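So you can see what is in the structure, the chains are spelled out below.
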Amino acid sequence: KSVRKLKVGAALFFREHVVSIIKIPLANGACYFDLIDSLPSSRVGGMASRTRCKDRASFETLLRWYASSKFSDSQCEFIDANKWDDGMCDFDPRVFQSFVWTET
């Protein structure tokens, strides 16, 4: 199978909870991308959420919005004022862990 046609998923530990990303290949060669946030949110009535993007550009926009919405004002100021430094990874709010899987 070509890489584009494989189902791929990831679980990310980001900002103190787990978020999942799933790539869903379609028969026509396109892909959908789902972002699943297990943390209850007042934005969706106190429930977890699943957001589907029907193309890569909208998925990238969602990820940028989602990540930035999790940072406080002081964390955004830190990010704006500091380039990435591996030596500071214990303190940098941009750090996350991820686990990725794919079908074979």
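Residues numbered from 1 in each chain as written. Predicted model: local features only at pLDDT ≥ 70, side-chain atom pairs only at ≥ 80, totals over all residues. Heavy atoms only, no water.

This part takes up the nonpolar core. Counting residues in each nonpolar core, the largest one holds 14 residues, and the members touching the most others are Ile21, Leu35, Phe59 and Tyr66. Elements that contribute at least two residues to this core include exactly strand S1 (8–14), strand S2 (17–25), strand S3 (31–41) and helix H1 (56–69). Other than its neighbours up to four places away in sequence, Ile21 contacts Val8, Gly9, Ala10, Leu12, Asp34, Leu35, Phe59 and Leu63. (Core = buried A, V, L, I, M, F, W, Y, C linked by side-chain atoms within 4.5 Å. Buried < 20%, exposed > 50% of the residue type's maximum accessible area, 1.4 Å probe, protein only. Helix = DSSP H or I, 4+ residues; strand = E, 2+ residues; numbered from the N terminus. Contact = heavy atoms within 4.5 Å.)

For the rest of this paragraph, the subject is the packing of aromatic side chains. Summed over the entire model, instances satisfying the criterion amount to 1 aromatic pair. Considering the side-chain rings of Phe33 and Phe59, the 4.8 Å spacing of their centres and the 15° angle between planes classify their relative orientation as stacked. Of this pair, Phe33 sits in strand S3 while Phe59 sits in helix H1, placing them 26 residues apart in sequence. As far as the burial class goes, Phe33 and Phe59 line up, both buried. (Phe/Tyr/Trp six-rings, centres within 6.5 Å; stacked < 30°, edge-to-face > 60°.)

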